[in-house]
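# Coordinates in review
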Amino acid sequence: MDTSDTSNVVLVTVDSLRADAIGAYDDERHTPVMDSLAERGTVFERAFATGNWTPFSFPSILASQPVFAETGQIGVDGSETLAEVLADSDVSTGGFNAANGFLTSHWGYDDGFDEFEPFVASVGSSIYSRYLATHPTVEAWLQLATAPVRRLGSWFRGETDDRPFLDTSRMFDVEHAAASFIEETESPFFLWIHYMDAHTPYVPAPRYIREVSSNLLGTHRMLHAHTRTGLGWEVGERTLADLRTLYQAAVRQIDASIGRLLETLSESGVEDETAVVLAGDHGEEFQEHGHLAHYPKLYDELIRVPLVVDVPGTAGRRIDQQVGLDDIPPTITDLMDVDSPDGWYGESLITSVVDGEPPVDEPVVSVTVRGEEVTAQPIPRALSDGELLVSVRDRDWTYIENVDDGSAELYYRPSDPTQQDDRSDVDTAKERQILDRFSTIVDDHASLLRDQTGEQRDDVDDDLGARLEALGYR
């Protein structure tokens, strides 16, 4: 195993990115940049998030810890974060988050970063900007309704229309900050950027709508889809198809931005010494289990995510065994020849990336907390905010248990990839063995989480509150 030529690591995380949203996992998708990373890097076929929401997943991504494990609260306060560990080893660190209010200093995510910008303060102080920040569907309407006029204007000026009218996702803010960091920082460096374009509402530039829909769907169709969902009307097959198109166009918009980031690495002369790690923090539902977006459930549409590790000089390959996103921090420290803390839960995947060795065959555990209703708000901040649901996945099986009421579900994914056929009542030796093994794992994990206590933090400022509400989280 030799990664000695790797001086820098760029971690790209994409909010709400399903595994099947990119071509590396679904041949029908159009994501040429991410697919090129996958072709020359290592694709983990069965990568699973540790939660259905950003605050439930990111403790694993940036601190290799289960959510609630340290303090009983969301966030990474009290954890040794990836950025802290690298900074202590004289690695320059930069983190840029596209205004996801759950990834801010309020919950400890700035710890260890030399440069950190969550772009939350960019909400603005005017009544107009604050209204738009807390009513993102209105932003979507403005974006799409004005698209024909902007497209005509761009044509007359000889420009492209790849830039969103309102840049609701803060994509360009993040992209420009990341590019400046690359250009101005000497090796070794660690750069983390987080995109929000694939998070609802989906507001891609019109050129990407055309690109993923073969020019057959106009922006008026997209406006119609936003109108129906924004008003709470029933979502039929046509509207659902349009929402999927909007989502895929938003993913392609991110794909193009990642391409520009890779160009910056090349132009700065560090491309050949920089590893790139790409991951989704959780998935997105399109009514596979009755809802849109990402409510407190633990099925594959929300938990299975892409994970691609591209290390210069290594062969492209695909790894079939299951892995969790808590493997990302020890993988990155391994790449940078830095020791991982003993308290991290994940395992380095470098032997899989470099030599093709299978990773440790341990099931992946994911959690969510559900209130009285699936769509209840606000989003849980602590275990006391609802009932604890825990899932366990190995290569083939998914087990989901409501720890508080004892109900359970069991799915065999090879024959039931969308988890519709609950086999928890099937009385065979195989099912009994799986149920016994996985229920013990759930009990152990629930005990780990419930042993922790901490003071709940709800004292968010106005800007942070506005951005959380913009995401649909009151």
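This write-up is about the structure you can find in this document. Quantities reported herein were computed from a predicted structural model and do not represent experimental measurements.

Calculation rules
The written sequence of each chain sets the order in which its residues are numbered from 1. Whole-chain, interface and lining totals are the exception, using all residues; otherwise, since this is a predicted model, local features are given only for residues with pLDDT of at least 70 and side-chain atom pairs are given and counted only at 80 or more. Based on all heavy atoms of the structure, the side-chain values leave hydrogens and waters out of the count. Strands here mean DSSP runs of E at least two residues long; helices mean DSSP runs of H or I at least four residues long; both are numbered from the N terminus. Each residue is placed in one exposure class: buried if its accessible area under a 1.4 Å probe, protein chains only, is under 20% of its type's maximum, exposed if it is over 50%, and partly exposed if it falls in between. Pairs of residues are marked as contacts when any of their non-hydrogen atoms sit within 4.5 Å. What sets the accessible areas is the Shrake-Rupley method with a 1.4 Å probe; for residues, cover comes only from the shown protein chains. Whenever a helix is involved, its axis is fitted only over the stretch in contact; in every case the axis is a line through C-alpha atoms, and angles between N-to-C directions fall within 0 to 180 degrees. In these notes the angle categories are as follows: under 35 degrees is roughly parallel, over 145 is roughly antiparallel, 65 to 115 is roughly perpendicular, and the rest is oblique. Gly is put with the polar residues, along with every residue not named as nonpolar or charged; the nonpolar set is Ala, Val, Leu, Ile, Met, Phe, Trp, Tyr, Cys and Pro, and the charged set is Asp, Glu, Lys and Arg. Joining through side-chain atoms within 4.5 Å is the link that ties buried Ala, Val, Leu, Ile, Met, Phe, Trp, Tyr and Cys residues into a set, and such a set is a nonpolar core. The criterion for strand pairing is that DSSP finds at least two bridges linking the strands in question. Multiplying 1.5 Å by the helix residue count minus one yields the expected span of that helix. Working definition: the arc comes from the directions between the helix axis and the C-beta atoms, pointing outward to the latter. What counts as a ring pair is set by centres within 6.5 Å for rings of Phe, Tyr and Trp (its six-membered ring), and what kind of pair is set by the plane angle: stacked under 30 degrees, edge-to-face over 60, tilted for all other angles. The term salt bridge refers to a pairing of a side-chain nitrogen on Lys or Arg with a carboxyl oxygen on Asp or Glu at a separation within 4 Å.

### Focus on the overall build of the chain
- When helices and strands are counted, the chain shows 15 helices and 15 strands.
- The buried share among the 474 residues of the chain stands at 58%.
- Considering only contacts within the chain whose residues lie at least 6 apart along the sequence, 72% involve residues at least 24 apart.
- Put simply, the chain shows about 18,900 Å² of open surface, and 44% of that area lies on carbon and sulfur atoms.

### Concerning the packing of helix α1 (residues 32–40) against helix α10 (residues 237–267)
- Where α1 contacts α10, the axes come no closer than 7 Å and their chain directions differ by 60°. Put simply, α1 runs oblique to α10. Residues Pro32, Val33, Met34, Leu37 and Arg40 of α1 pack against Val251, Arg252, Asp255, Ile258, Gly259 and Leu262 of α10.
- Here the residues of the contact of α1 with α10 are counted per class, giving seven nonpolar, one polar and three charged.

### Overview of the nonpolar core
- If you look at the biggest cluster of nonpolar residues, it comprises 66 residues, and the most contacted ones within it are Leu11, Phe44, Phe190, Leu307, Ile332, Met336 and Leu388.
- Leaving out residues up to four positions away in the same chain, Met336 has contacts with Ser7, Asn8, Val9, Leu86, Val91, Pro188, Phe189 and Phe190.
- The next biggest cluster of nonpolar side chains, apart from the first, holds 53 residues, and it includes Ala21, Val43, Ile193 and Ala249.

### Quick notes on the sheet that holds strand β15 (residues 408–412)
- Taken together, four strands build an open sheet; the order of strands is β12-β13-β14-β15 and the sheet is antiparallel. The outermost strands of the open sheet, each flanked by one partner alone, are β12 (364–370) and β15. Between one strand axis and the next, the sheet turns through 15° on average, direction left out of account.
- Across seven bridges, β12 lies against strand β13 (residues 387–393) in antiparallel orientation. Considered in β13, the bridge of Val364 is made with Arg393.
- The strands touched by helix α14 (residues 429–450) within the sheet are β12, β13, β14 (397–402) and β15, with β14 carrying the most contacts at an inclination of about 50°.

### Side note on unusual backbone geometry
- Note the cis peptide between Ser187 and Pro188, where omega equals 0°.
- With respect to the helices, strands and loops of the structure, Pro188 is situated in the loop between α7 (171–184) and β5 (189–195).
- Of note in the backbone geometry, Asp90 takes a positive phi value of approximately 65° without being a glycine.

### Considerations on α14
- In this model, α14 (22 residues) spans 32 Å end to end at C-alpha, consistent with the 32 Å of a helix rising 1.5 Å per residue.
- Within α14 the residues assigned to the buried category are Glu431, Ile434, Leu435, Phe438, Ser439, Val442, His445, Ala446 and Leu449. Down the axis of α14, the buried set is contained in an arc of 130°. They therefore lie on one face. In α14, those exposed residues whose orientation departs by more than 90 degrees from the buried face are Ala429, Asp436 and Asp444.
- Considering only its buried residues, α14 is in contact with β12, β13, β14 and β15.

### Let's talk about the packing of aromatic side chains
- Going through the model one piece at a time under the given rule, you end up with 16 aromatic pairs.
- Seen in terms of ring centroids, Phe113 and Phe190 are 6.3 Å apart; in terms of plane orientation they differ by 20°. Their pairing is stacked. With Phe113 in the loop between β3 (92–97) and β4 (115–117) and Phe190 in strand β5, this residue pair connects regions lying 77 residues apart in the sequence.
- In this structure Phe113 comes out as buried when scored by relative accessible area, which is 11%.

### Notes on the pattern of salt bridges
- Following the criterion strictly, the structure yields 17 salt bridges and no others.
- The closest approach of N and O atoms between Arg423 and Glu431, which form a salt bridge, is 2.7 Å.
- On the basis of relative accessible area, Glu431 is assigned to the buried category, the value being 4%.
- One salt-bridge network, in which partners are shared between bridges, spans Arg46, Asp320, Arg395 and Asp396.

Without other data, these values stay purely geometric and don't point to any function.
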